[in-house]
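Listed below are the residues making up each chain.
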Amino acid sequence: MHGRVKLKSTAQQEEEKRKEREKKLKIYVAGRDAIFTKRLEGVLDDEALQLTQQLLSSNPDFATLWNYRREILLHLETVREEDDVQKMYEAELLFLESCLKVNPKSYGSWHHRGWVSARLPRPDWARELGLCDRCLSLDDRNCESEVHCWDYRRMVVKMSGVPVDQELQFTDRLIGSNFSNYSSWHYRSTLLPLLHPESPDPPSPCHQHSHSSPPPSPQTHSHRVCEEQLLKEYELVQNAFFTDPNDQSAWFYYRWLLGRAEREEMISCVFVSREEERVAVAFSRPVNASSSGLMLVLDGQPQRVEWRSVHPHFRHSPVWICALPPGTISDIINEHNLTVHWTEKHTHRDCALYTGRSESWCRDSATDQELFRSELSVEKTSVLQSELQSCNQLLELEPQNKWCLLTIVLLMRALDPLGYERETLSHFQTLKEVDSMRSAYYGDLCSKFMIENTILKMEYAEVRVFSLSDKNLTMLCHLDQLLLVTHINLSCNQLLRLPPQFAMLQCLEVLEADDNAIENLDGLYYLPKLQEVSLKNNQISKLSDLQLLTSCPKLTCLDLRGNPVTQIANIQSELTELLPSVTDLLI
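None of these values were measured; they are calculated from a predicted model.

This part takes up the sheet that holds strand β10 (residues 465-467). Paired through backbone hydrogen bonds, the strands of a sheet run either parallel or antiparallel to each other. Read from one edge of the open sheet, six strands run β10-β11-β12-β13-β14-β15, paired in parallel fashion. One side of each edge strand has no neighbouring strand; the edge strands of this open sheet are β10 and β15 (584-586). Going from strand to strand, the sheet's axes swing by 0 degrees on average, the running direction of each strand aside. Summarising the sheet, strand β13 (residues 532-534) and strand β14 (residues 557-559) pair through three bridges and their orientation is parallel. Along β14, the bridge assignment pairs Glu532 with Cys557.

Dropping the structure here:
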């Protein structure tokens, strides 16, 4: 046993570590208290700067210390010459590099570095770009630390005026070295519309802007990329996902390339009812009409009306309604002309209510607006067909690849959503099987596409009946496009609720929603034309769930058979008292 080193037990080692931690903690707490005391006393000197440096070197995520440090630096700026200030901030940058080595994902360190760089009398932006290059090359799989570095790089690029094409070349280098660099793909998507924007289309006559309309601003940029560059991007991203079909980065970028541009801000529909003496206006996006400068002119005279959203839950809504002064348009022998002005966007829409007509509307249909797909040139159609063929070839090699399946669906949507409807449904079923954890997402996405297709079919047929029974719908969307629908059939689906957006169906007369799992009727709020509601075999369980039906003045027929609520004692009399206008009640 002699001459052998005695090894410490695990318990002894843990005890020594504990004592060491306690010692360091006491030193840290003492330093923190000293700093807080100095700040409380308003001390802004080099000693306070040194104390904050000691603590931040070990814990760079102490936001209060960074704030105090900036207060000190701002004070020292006022008492030093410019050259000394330059040296002070250069030293601060060196200190920050040491902090980033301790914790490269420290938000406080990156934020402070941006603040220091902006305060430097003579900033060296080339050096800062070089620092970003080094940091981004350390982990091109984009861990959390790189997110802060990308944010800082964008600030440096903006401050230093780096050309957009130079930054695009930077993404070329990163993607070329690793196709999996998600942040580079994303950064590229923000640069392309700036460098290769699509030429704007002339506005259509029906929503022509006024002569005083200001030119488009960067905030209203459509984010579209010109077709020539778009075709090149398809080739680049195809190389990426054929190299590694299971890597999501390139697939996400591909989805962005296939995505539709932001819709033009406009009034998409004006509806006027002579009987109800009201006007409904639909917009291309949710707006707050009370603050958006909405003005109604009737027969050349501005009207004092109060705009309200279709549901109390909405401050911003795509559909707004107003009541006209009594007697304004009730005389059926007279013709009336309405104009709705959206002064905030310098646009308007006209609508004529002709003699003998009880209602009228003026709108752009979903097909006119290319609402659910972008108009394709011959060349782009040919390229997308080729892309679809390539993805189908890849799917033969990788039949369980969810990214490939989803991209095929999106390509089919871009090319011909109605023509590829059957194949789309089949691919969604496969997606639910190979990626069961996201089956609810695929169900919602499939529902969205089915609703879009049905809207297109309805408008091609020029009818106001919307039927989507037995389609496995899990959610409802695009309800602002159904403002003029009079009859809707949603039976035999998997719907859990009629959401508040359902109140946008201001012309609805008949609702069929049998054989779902509906337990919430929030969307049946003040539908002025609604007469018949069939909700057989759902999950409505409380009388209070039907309370909103009292806001529908013309409701006369209600079918609740097969709902738990029908098992409540005295339900017949309770419903009769709640809904006295209903003369045909089936329970």
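Turning next to the pairing of strand β3 (residues 294-298). Burial within β3 is extensive, with four of its five residues counted as buried. Pairing of β3 with strand β7 (residues 336-342) involves five bridges; the strand directions are antiparallel. Paired with Leu296 across the two strands is Val340, which belongs to β7. As paired strands, β3 and strand β4 (residues 301-303) are joined by three bridges and run antiparallel to one another. Looking at β4, one finds that Leu296 is bridged to Gln303.

With respect to the helices and strands, the residue Arg70 is situated in helix α3 (residues 63-79). Not counting chain neighbours up to four residues away, the residues in contact with Arg70 comprise His111, His112 and Trp115.

Below, the discussion takes up the nonpolar core. Counting 103 residues, the largest nonpolar core has Ile488, Phe502 and Leu511 as the members making the most contacts within it. At eleven residues, the largest contribution of residues to this core is made by helix α13 (residues 402-415). With sequence-adjacent residues up to four places away left out, Ile488 is seen in contact with Phe466, Leu482, Phe502, Leu505, Leu508, Val510, Leu511 and Glu512.

Quick look at the pattern of salt bridges now. Between side chains of opposite charge, pairing is possible as soon as their charged atoms come close. In total, this model carries 37 salt bridges according to the counting rule given. Residue Asp133 is joined to Arg153 by a salt bridge in which the shortest nitrogen-to-oxygen separation is 2.7 Å. Separated by 20 residues along the polypeptide, Asp133 in helix α6 (residues 125-138) and Arg153 in helix α7 (residues 144-160) bring together distant segments of the chain. We classify Asp133 as partly exposed; its relative accessible area is 30%.

Before going further, it helps to examine the confidence of the model for the chain. On average, residues of the chain score 87 in pLDDT, and 91% of them are at 70 or above. Scored below 50 in pLDDT, residues 202-222 shows 25 contacts in the model against residues more than four places distant or in partner chains.

Now for the sheet that holds β7. If you walk across this open sheet you meet the four strands as β4-β3-β7-β8, and the pairing is antiparallel. Looking at strand neighbours, the two that pair on one side only are β4 and β8 (347-353), the edges of this open sheet. Geometrically, the sheet is characterised by an average inter-axis angle of 25 degrees between neighbouring strands, direction not taken into account.

Three or more residues of helix α11 (residues 248-258) are buried, namely Ser249, Ala250, Trp251, Tyr253, Tyr254, Leu257 and Leu258. The inward-facing, buried residues of α11 contact α9 (182-195), α10 (227-243), α12 (378-397) and α13. Put simply, Asp247 is the residue that caps the front of α11, since its side-chain oxygen is 3.1 Å from the backbone nitrogen of Ser249.

Another point: the pairing of strand β2 (residues 278-287). β2 sits mainly inside the fold: eight of its ten residues count as buried. As paired elements, strand β1 (residues 267-273) and β2 share six bridges and run antiparallel to each other. Across the sheet, the residue bridging to Phe271 is Ala280, located in β2. The hairpin turn running from β1 into β2, its antiparallel successor, is four residues long, and Glu277 in that turn takes a positive phi close to 50 degrees.

Now for the packing of aromatic side chains. In this structure the tally under the stated criterion is 14 aromatic pairs. Residues Tyr89 and Trp115 carry aromatic rings whose centres are separated by 6.0 Å and whose planes lie at 75 degrees to one another, so their mutual orientation is edge-to-face. With Tyr89 in helix α4 (residues 82-102) and Trp115 in helix α5 (residues 107-119), this pair connects stretches of sequence that are 26 residues apart. The buried category is assigned to Tyr89, whose relative accessible area is 0%. With centroids separated by 5.6 Å and ring planes inclined at 25 degrees, the aromatic side chains of Tyr253 and Trp256 adopt a geometry described as stacked. Here Trp256 and Tyr253 lie together in helix α11, a separation of three residues that amounts to about one turn. For Trp256, a relative accessible area of 29% corresponds to the partly exposed category. Following the ring pairs from residue to residue traces out a cluster consisting of Trp150, Phe170 and Tyr187. Stacked on the ring of Phe170, the Lys or Arg Arg153 has its end atom at 3.5 Å from the ring centre.

We now examine unusual backbone geometry. Leaving glycine aside, a negative phi is the common case for residues, and trans is the common case for peptide bonds. Despite not being glycine, His346 has its phi angle at roughly 55 degrees, a positive value. Inspection of the secondary structure assignment puts His346 in the loop between β7 and β8. Given the relative accessible area of 27%, His346 is considered partly exposed. Positive phi values are uncommon outside glycine, yet Asn570 reaches one of about 60 degrees. Along the chain, Asn570 falls in the loop between β14 and α16 (571-578).

The residue Gln572 is located in helix α16 in this model. Between the C-alpha atoms of Gln572 and Val485, which are 87 residues apart in sequence, the distance is 31 Å. Those residues in contact with Gln572 that lie beyond four places of it in its chain are Leu585 and Ile587.

The subject of this paragraph is the environment of Leu195. Of note, Leu195 is situated in helix α9. Judged by relative accessible area, which is 31%, Leu195 ranks as partly exposed. Along the primary structure Leu195 and Val164 are separated by 31 residues, whereas in three dimensions their C-alpha atoms are 6.5 Å apart. If we skip the residues at most four places from it in the chain, Leu195 touches Val164, Asp165 and Leu168.

Each value, and the rule that gives it
- Residues numbered from 1 in each chain as written.
- Predicted model: local features only at pLDDT ≥ 70, side-chain atom pairs only at ≥ 80, totals over all residues.
- Heavy atoms only, no water.
- Pairing = 2+ DSSP bridges.
- Helix = DSSP H or I, 4+ residues; strand = E, 2+ residues; numbered from the N terminus.
- Axes fitted to C-alpha atoms, helices over the stretch in contact; angles between N-to-C directions.
- Buried < 20%, exposed > 50% of the residue type's maximum accessible area, 1.4 Å probe, protein only.
- Contact = heavy atoms within 4.5 Å.
- Core = buried A, V, L, I, M, F, W, Y, C linked by side-chain atoms within 4.5 Å.
- Salt bridge = Lys/Arg side-chain N within 4 Å of Asp/Glu carboxyl O.
- pLDDT = per-residue confidence, 0-100.
- Polar contact = N/O pair within 3.5 Å; in protein donor to acceptor, adjacent residues only side chain to side chain.
- Phe/Tyr/Trp six-rings, centres within 6.5 Å; stacked < 30°, edge-to-face > 60°.
- Lys NZ or Arg CZ within 6 Å of the ring centre and 35° of its normal.

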